[in-house]
Amino acid sequence: MSLFQEIALASGDKYSQPLGLFIDNEFVASSNGSVLVTTNPATGKQITQVHAADPGKDVDKAVKAARKAFKPWKSVPITEKRDLFLKLAQLVKENTQLLAQVESLDSGKPLHTNAYGDIDGVVQTLTYLAGWIDKTSGEAFSPSPGKLCYTLHQPLGVVGCIIPFNYPLSMMSWKWTAIATGNTAVFKSAHQTPLSILVFAQLVVEAGFPPGVFNVISGEGGTVGDALVRHLGVDKIAFTGSTKVGQLVQSHAAVNLKPVTLECGGKSPLMVFEDADLEEAVKWAAFGIFHNMGQICSGTSRCFVQESKYEEFLTKLAAHVTANFPLGSLLGEDIVVFPQITKAQQERVMSFIDSGIKEGCRVVLGGTGLPEVIANDAVLANGYYVRPTILADVKPHYKIAQEEVFGPVLAVGTFCDYDDALRIANDSQYGLGAGIFSQDIKKCHEFADEVESGMVWINSSNDLDFHMPFGGVKMSGHGRELGKYGLLNFTNVKAVYVNMCKL
Ligand code: NAD
């Protein structure tokens, strides 16, 4: 039985056909007949294939559909828009199991410990955005008698939304801010994970969104993604992905000076002071890097501990990770660590571990070999697994402490005092998140003020709230998603002057 026959069965035959490109509320074939093969990272086996967009004709078709839908969508009363978002959130909630299964299969996420949570996040995001739709407004004031000034927050037009593989539906839902603010959108899914967004697209139709408001094109980034970035009919690009591609996106978007928001890579530090609650620091340090198989942009992938607590921290961390981050079969209820997205990524992560060892790191946990539970399993042995790995005695300048691995690898080293900790934390090209563990609230606030990052976690790591802006500084990108500030990135603020005096 094919995946989509299974989906059809699971959904009582309601959702059964999503293999095409999704344009104007319809699934259509690629105009050049090309396809994208998608693979289950847990087994290395092909799942299915989807149509891949022609970078010329199909990208243009999707952009034109979004353009045609823009004015009518902009004119839809805000209460109607809000209700559509609420309906969509409800449909996602009702179809959690189906969406989570597809997400798990396509991205290699553990079903119970990751994928269900992701779908819940989509429901929350859409509901949160619905709450903003009827509450956003400009400002009005009268600077002098006979003069009125006001601002309008207007949609930009057609937004190209480019999403990564690590949270396919979550990252997509954050970019629904574009649609909530009155824009129409063309979404380009990651080539490794094209499936869940196509299942979701059927819910968009069922919720009653007009044709052309939400379109999806599958395909490779360098061709299809780039065509979207360069398209003159696109008014803004909202990109989430690697820093390297972010740089290309920013330069190619200059073709019509379209604004870009870039949510890029990171190498977020977690600084553990000797006055910290060590048990808590250990739990958050593990969560901050080993959740989602280490494929977390804001993952605290380098951790520095004040010298006096260093060895105790390492011993406790290794014990905690061994007990709480097991590898195993796809649907296991307590499985937390799962495969990397592709064979190439598995090899890349392994080579980072090797480079750390060569530079002088001590392997406290994990390493490059596969655990027996995977290596001896006929099905799983072909998956792209990496063990949760802790490398100790890392110096801040080591490659493993400077470059984004994007896998389950934690680099751990030491610092001596606050100034040393701050210097190490800021010694990075990236600036996405930063964490501090200490009982001294003054020190924590000083760190929050002085660390170069878009987000700071005091006594936690990778905390997330939809009310708060998400994004980074330096090579982690610019612009924000979520929260009130996220909405501003998708609108043009127009200044209107009303003169009521004679010259
Ligand atoms: P990637 O940069 O390889 O791809 C991201 C998206 O860009 C994909 O859809 C891809 O097809 C597309 N793309 C690739 N080349 C392109 C081009 N030349 N023009 C236009 N689009 C192109 O990233 P990835 O491997 O999918 O995701 C991992 C990266 O994403 C990591 O670096 C991670 O830190 C980052 N990320 C950042 C955030 C954030 O919010 N800051 C969130 C998730 C992931």
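In what follows, the structure referred to is the one given above.
So, here's what we can say about the structure. Just so we're clear, the structure is a prediction, and the values are computed from it rather than from any experiment.

Turning to the overall build of the chain, a few remarks are in order. Of regular secondary structure, the chain possesses 18 helices and 22 strands. Relative to the 2.2 N^0.38 estimate, which gives 23 Å for 503 residues, the radius of gyration of the chain is 24 Å and therefore close to what a compact globule would have. Taken along the three principal axes of its C-alpha coordinates, the chain extends 75 × 65 × 40 Å. Burial analysis of the chain (503 residues in total) assigns 57% to the buried set. Considering only contacts in the chain between residues 6 or more positions apart, those separated by 24 or more positions represent 74%. Looking at the chain as shown, the accessible area adds up to about 20000 Å², and 55% of this sits on carbon and sulfur atoms.

Taken together, 29 residues surround the ligand, and among them I163, K188, S242, C264 and E404 come closest. Note that an oxygen atom of the ligand is positioned 3.4 Å from one of the side-chain N or O atoms of E263. The separation between an oxygen atom of the ligand and a polar side-chain atom of E404 is 2.6 Å. Coverage of the ligand by the protein amounts to 91% of the 840 Å² it exposes when considered alone. The site holding the ligand turns out to be the largest pocket. Examining the composition of the shell around the ligand, we find that five residues originate from one element, helix α9 (residues 221-230), more than from any other.

On the basis of which strands lie adjacent, the open sheet formed by seven strands has the order β14-β15-β16-β13-β12-β18-β19 and mixed pairing. Edge strands, defined here as strands with exactly one partner in the open sheet, are β14 (362-365) and β19 (455-458). Neighbour-to-neighbour, the strand axes of this sheet turn through a mean angle of 20 degrees, independent of strand direction. Taken together, the three bridges between strand β12 (residues 269-272) and strand β18 (residues 433-437) define a ladder with parallel strand orientation. Residue pairing for β18: M271 is matched across the bridge by I436. Lying over the sheet, helix α12 (residues 310-324) contacts β12, β13 (302-306), β14, β15 (389-392) and β16 (409-415), oriented at roughly 45 degrees with respect to β14.

Definitions and limits used
- Residues numbered from 1 in each chain as written.
- Predicted model: local features only at pLDDT ≥ 70, side-chain atom pairs only at ≥ 80, totals over all residues.
- Heavy atoms only, no water.
- Helix = DSSP H or I, 4+ residues; strand = E, 2+ residues; numbered from the N terminus.
- Rg over C-alpha atoms; globule rule 2.2 N^0.38 Å.
- Buried < 20%, exposed > 50% of the residue type's maximum accessible area, 1.4 Å probe, protein only.
- Contact = heavy atoms within 4.5 Å.
- Areas by Shrake-Rupley, 256 points an atom, 1.4 Å probe, with all protein chains shown as cover.
- Near = heavy atom within 4 Å.
- Polar contact = N/O pair within 3.5 Å; in protein donor to acceptor, adjacent residues only side chain to side chain.
- 1 Å grid on protein atoms, 1.4 Å probe; cavity = no way out; pocket = protein on both sides within 12 Å on 5 of 7 lines; lining within 4 Å.
- Sits in = over half its atoms within 2 Å of the grid points.
- Pairing = 2+ DSSP bridges.
- Axes fitted to C-alpha atoms, helices over the stretch in contact; angles between N-to-C directions.

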